[in-house]
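Each chain, written out:
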Amino acid sequence: MDQYWREGLHAVSLNELCRRASLSKPALYREFTNEDGLMEAALEHYRQQVIVPLLSIIAAEHPFGPFLEQLVAGMTSQRSVPAGCLFTQMRLDRRRLGPKTMARVQTLEDERLRAFEAWYAQAVETGQANPKFSPAFAARYLDTQLSTVLVQMGAKAPAAQVQAQANLALSVLLP
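All figures in this text were calculated on a predicted structure; none of them were measured in a lab. (Residues numbered from 1 in each chain as written. Predicted model: local features only at pLDDT ≥ 70, side-chain atom pairs only at ≥ 80, totals over all residues. Heavy atoms only, no water.)

**Considerations on the pattern of salt bridges**
Where charged atoms of side chains with opposite charge meet at close range, the side chains can pair.
Working step 1: Summed over the entire model, instances satisfying the criterion amount to twelve salt bridges.
Working step 2: The shortest N-O distance in the salt bridge between Arg-19 and Glu-16 comes to 2.6 Å. In this pair, Arg-19 and Glu-16 both sit in helix 2 (residues 14-21), three residues apart, roughly one turn of the helix.
Working step 3: Note on Arg-19: relative accessible area 54%, which makes it exposed.
Working step 4: Where Arg-47 meets Glu-44, a salt bridge forms, and the shortest distance between an N and an O atom there is 3.3 Å. (Salt bridge = Lys/Arg side-chain N within 4 Å of Asp/Glu carboxyl O. Helix = DSSP H or I, 4+ residues; strand = E, 2+ residues; numbered from the N terminus. Buried < 20%, exposed > 50% of the residue type's maximum accessible area, 1.4 Å probe, protein only.)

Pasting the structure below:
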């Protein structure tokens with residue numbers, strides 16, 4: 001997971017990954033069948049380590065606007081993990097993914113959109129979000145804006161600029 005996230009999906013060969021993990025190529029194939037199986041496993045590990053905790057946090061009843069700002073601030077701050085997002089990298093490079101990984105990407109995308117939709121619906125219900133937008137539309141908009149932040153951070157854009165742009169773009173969701 002770390003190698004794909006840090007260096008890019010296709011920047012490191014399977015031979016190099018095996019060398020770094022002190023693993024023989026036959027052992028890798030026994031465990032994951034092929035690179036598609038390895039990428040799927042890496043994405044599932046990323047889901048457990050990064051996505052699930054985020055979705056758990058948004059499911060809690062935090063004030064919508066302040067939490068959006070905190071989320072963007074966290075995405076644009078210095079972190080011990082690589083900049084950007086492994087899931088976003090995979091979403092943007094679907095043509096080069098195998099069928100197992102593509103299916104996992106789609107499942108994860110659907111999971112995030114459902115969580116964002118429920119989060120926004122709750123925020124509208126409590127008067128913390130703009131009722132002008134449907135939860136389904138707002139979920140897609142949130143997903144697009146947060147993915148843009150992650151792409152820009154992965155491309156080493158100035159964090160303060162990315163944060164300011166994201167806060168401006170997300171402000172339309174507030175009442």
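**What about the environment of Leu-55?**
Working step 1: For Leu-55, the position within the fold is in helix 4 (residues 35-59).
Working step 2: Given a relative accessible area of 11%, Leu-55 falls into the buried group.
Working step 3: Residues Leu-55 and Arg-112, spaced 57 residues apart in sequence, show a C-alpha to C-alpha distance of 7.3 Å.

**Quick word on helix 5 (residues 64-76)**
Working step 1: Over its 13 residues, helix 5 runs 18 Å from end to end, which matches the ideal 18 Å to within 8%, given 1.5 Å per residue.
Working step 2: Burial in helix 5 covers these residues: Phe-64, Gly-65, Phe-67, Leu-68, Leu-71, Val-72, Met-75 and Thr-76. All buried residues of helix 5 lie within an arc of 170° about the axis, which places them on one face of the element.
Working step 3: Summarising the contacts, the buried residues of helix 5 are in contact with helix 4, helix 7 (99-125), helix 8 (135-154) and helix 9 (159-170). (Expected span 1.5 Å × (residues − 1). Arc of directions from axis to C-beta. Contact = heavy atoms within 4.5 Å.)

**Concerning unusual backbone geometry**
Working step 1: A positive phi is found at Thr-33, a non-glycine position, where the angle reads about 75°.
Working step 2: One can find Thr-33 in the loop between helix 3 (25-32) and helix 4.
Working step 3: Look at Lys-156: it is not a glycine, yet its phi comes out positive at around 65°.
Working step 4: Inspection of the secondary structure puts Lys-156 in the loop between helix 8 and helix 9.
Working step 5: The exposed category is assigned to Lys-156, whose relative accessible area is 67%.

**Observations regarding the packing of helix 5 against helix 9**
Working step 1: Running from N to C, helix 5 and helix 9 cross one another at 155°; their axes reach a closest spacing of 9 Å. With respect to their mutual orientation, helix 5 and helix 9 come out roughly antiparallel. The way helix 5 lies across helix 9 gives a crossing that is right-handed. Of the residues in helix 9, those in contact with Leu-68, Glu-69, Val-72, Ala-73 and Thr-76 of helix 5 are Ala-159, Val-162, Gln-163, Ala-166, Asn-167 and Leu-170. (Axes fitted to C-alpha atoms, helices over the stretch in contact; angles between N-to-C directions. Parallel < 35°, antiparallel > 145°, perpendicular 65-115°, else oblique. Left-handed = near helix turned anticlockwise from the far one by under 90°.)

**Re the confidence of the model for the protein chain**
Working step 1: Residues at a pLDDT of 70 or more form 100% of the protein chain, whose mean pLDDT is 92.
Working step 2: No element of the protein chain has a lower mean pLDDT than helix 1 (residues 2-7), which averages 84, and none a higher one than helix 9, which averages 97. (pLDDT = per-residue confidence, 0-100.)

**A short note on the side chain of Glu-111**
Working step 1: Relative to the elements of secondary structure, Glu-111 occurs in helix 7.
Working step 2: With a relative accessible area of 18%, Glu-111 lands in the buried category.
Working step 3: A polar side-chain atom of Glu-111 sits 2.7 Å from a polar atom in the side chain of Arg-47.
Working step 4: With residues up to four places along the chain from it excluded, the contact list for Glu-111 reads Arg-47 and Leu-55. (Polar contact = N/O pair within 3.5 Å; in protein donor to acceptor, adjacent residues only side chain to side chain.)

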